[in-house]
Amino acid sequence: MPSPRAVRSPMAAPRSFLWTRRVVLTLLAGFVLLPVYVMVSSSLKPLQDVSGKFRWIPDELTVRPYFDIWETVPLAKYFVNSLVVAGAATVCSVVIAVFSAYAVSRYSFRGKRVFTVTVLSTQMFPGILFLLPLFLIFVNIGNSTGLALYGSRGGLILTYLTFSLPFSIWMLIGYFDSIPRDLDEAAMVDGCGPVRALFRVVVPAAVPGIVAVSVYAFMTAWGEVMFASVMTNDTTRTLAVGLQGYATQNDVYWNQVMAASLVVSVPVVAGFLLLQRYLVAGLTAGAVK
């Protein structure tokens with residue numbers, strides 16, 4: 001009678017496949033981590049070492065670039081602008097998307113299908129198509145009403161809503177559809193109205209989906225460059241655009257660019273690590289539905 005170790009499950013993968021998978025995953029990990037190593041090593045080098053031929057092992061290490069990045073350009077002001085714009089755009093996108101998706105998921109009304117198809121179709125167009133129309137709209141509103149949208153944080157928040165809101169609505173519709181309507185009905189039997197049932201029952205059950213759209217909306221606003229470079233001025237400039245300040249007519253402070261890029265990435269990476277389990281659950285549920 002063969003030993004238990006000698007009996008292999010019919011579903012077990014061949015040893016060659018396992019080793020091939022390990023090699024492929026190792027190569028992919030190296031491909032992903034290589035730019036990160038270049039960024040970290042370059043941010044710890046003096047400027048003269050970064051400007052010349054790249055060396056994989058630095059001859060000299062210094063943390064001075066991490067202090068100089070705050071003095072070369074007003075990085076703290078750009079950081080606050082990005083935090084305010086990305087945070088406000090995320091909150092507005094999530095709040096509007098929750099109410100809109102709940103209405104589409106739970107109620108029938110005239111034009112419901114047209115609304116959902118229109119929301120989805122907005123994702124078919126490249127963002128650059130909206131750059132000139134939004135610019136002209138903001139300028140004309142400012143000239144006719146005195147409301148300064150161009151060059152303001154509010155105008156940039158509205159701009160980012162046009163990107164994140166359609167995706168957020170569409171994804172939350174699928175997530176709300178996966179929540180049984182019996183929960184709403186039970187809450188209404190207990191005396192809750194539609195809005196109270198939404199916040200007391202549906203929203204707690206939809207936390208993974210809400211977290212997923214929140215991360216998407218925040219990332220869209222945090223790292224966007226094209227619209228921020230046109231819709232902002234020296235006062236409202238964001239981090240993604242402010243990184244260009246490390247390049248002068250005579251030189252580029254590459255070590256400070258790398259250091260600032262790592263500092264800019266910290267909020268997004270920290271958010272992913274803290275919300276990873278909610279993010280995966282939300283994206284999976286929305287995609288499957």
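Everything discussed here concerns the structure shown above.
About the thresholds
- Residues numbered from 1 in each chain as written.
- Predicted model: local features only at pLDDT ≥ 70, side-chain atom pairs only at ≥ 80, totals over all residues.
- Heavy atoms only, no water.
- Helix = DSSP H or I, 4+ residues; strand = E, 2+ residues; numbered from the N terminus.
- Buried < 20%, exposed > 50% of the residue type's maximum accessible area, 1.4 Å probe, protein only.
- Contact = heavy atoms within 4.5 Å.
- Areas by Shrake-Rupley, 256 points an atom, 1.4 Å probe, with all protein chains shown as cover.
- Phe/Tyr/Trp six-rings, centres within 6.5 Å; stacked < 30°, edge-to-face > 60°.
- Patch = residues over 30% accessible without salt bridge, like charges linked within 9 Å, V, L, I, M, F, W, Y side chains within 5 Å.
- Salt bridge = Lys/Arg side-chain N within 4 Å of Asp/Glu carboxyl O.
- Axes fitted to C-alpha atoms, helices over the stretch in contact; angles between N-to-C directions.
- Parallel < 35°, antiparallel > 145°, perpendicular 65-115°, else oblique.
- Left-handed = near helix turned anticlockwise from the far one by under 90°.
- Expected span 1.5 Å × (residues − 1).

## Description of the overall build of the chain
Then, number 1: The helix and strand inventory of the chain stands at 14 helices and zero strands.
Then, number 2: Listing each helix as α and each strand as β along the chain from the N terminus yields α-α-α-α-α-α-α-α-α-α-α-α-α-α.
Then, number 3: Taken over 289 residues, the chain has a buried fraction of 35%.
Then, number 4: Restricting the contact set of the chain to residue pairs at least 6 apart, pairs at least 24 apart contribute 75%.
Then, number 5: Carbon and sulfur atoms make up 68% of the accessible area of the chain, which amounts to about 17400 Å² in all.

## What about the environment of Val263?
Then, number 1: Among the secondary structure elements, Val263 is positioned in helix 13 (residues 254–274).
Then, number 2: Taking the C-alpha atoms as reference points, Val263 and Tyr66, 197 residues apart in sequence, are found 8.6 Å from one another.
Then, number 3: Every residue in contact with Val263, bar those within four places of it in the chain, is listed here: Tyr66, Ile69 and Trp70.

## Regarding the packing of aromatic side chains
Then, number 1: Scanning all chains against the criterion turns up nine aromatic pairs.
Then, number 2: Ring geometry for Phe79 and Trp222: centres 5.6 Å apart, planes at 85 degrees, overall edge-to-face. In this pair, Phe79 is assigned in helix 4 (residues 75–106) and Trp222 in helix 10 (residues 207–222), connecting sequence segments 143 residues apart.
Then, number 3: The buried category is assigned to Trp222, whose relative accessible area is 4%.

## Section: a nonpolar patch on the surface
Then, number 1: A surface patch of nonpolar side chains, amounting to about 620 Å² of accessible area, comprises Met124, Phe125, Ile128, Leu129, Phe130 and Met226.
Then, number 2: Structurally, the position occupied by Ile128 is in the loop between helix 5 (112–121) and helix 6 (131–145).
Then, number 3: You can call Ile128 exposed: its relative accessible area is 52%.

## Side note on the packing of helix 7 (residues 153–177) against helix 10
Then, number 1: Their axes nearest at 10 Å, the elements helix 7 and helix 10 cross at an angle of 165 degrees. One way to sum up the angle between helix 7 and helix 10 is to call them roughly antiparallel. The two elements helix 7 and helix 10 meet at a crossing, and its hand is right-handed. Contacts from Tyr160, Phe163, Ser164, Phe167, Ser168, Met171, Leu172 and Tyr175 of helix 7 reach helix 10 at Pro208, Gly209, Ile210, Ala212, Val213, Tyr216, Ala217, Thr220 and Ala221.

## Regarding the pattern of salt bridges
Then, number 1: Under the counting rule described, the total for this entry stands at two salt bridges.
Then, number 2: Here Arg64 ties to Asp68 by a salt bridge, and the two come within 3.0 Å at their closest N and O atoms. Here Arg64 pairs with Asp68, and both are found in helix 3 (residues 64–72), just four residues apart, close to one helical turn.
Then, number 3: A residue is classified by how much of its surface remains accessible, and Arg64, at 47% relative accessible area, is partly exposed.

## Here's the deal with the environment of Val195
Then, number 1: Of note, Val195 is situated in helix 9 (residues 194–205).
Then, number 2: For Val195, a relative accessible area of 48% puts it in the partly exposed group.
Then, number 3: Taking the C-alpha atoms as reference points, Val195 and Phe99, 96 residues apart in sequence, are found 8.9 Å from one another.

## A closer look at the side chain of Thr238
Then, number 1: Mapping Thr238 onto the fold places it in the loop between helix 11 (226–231) and helix 12 (239–242).
Then, number 2: You can call Thr238 buried: its relative accessible area is 3%.

## Things to note about helix 6
Then, number 1: In a regular helix each residue adds 1.5 Å, so 15 residues correspond to 21 Å; helix 6 covers 21 Å between its end C-alpha atoms and thus fits that length.
Then, number 2: Buried-residue contacts for helix 6 involve helix 7 and helix 11.
Then, number 3: Trailing helix 6 by a residue or two, Gly146 shows a phi angle of about 80 degrees, which is positive.

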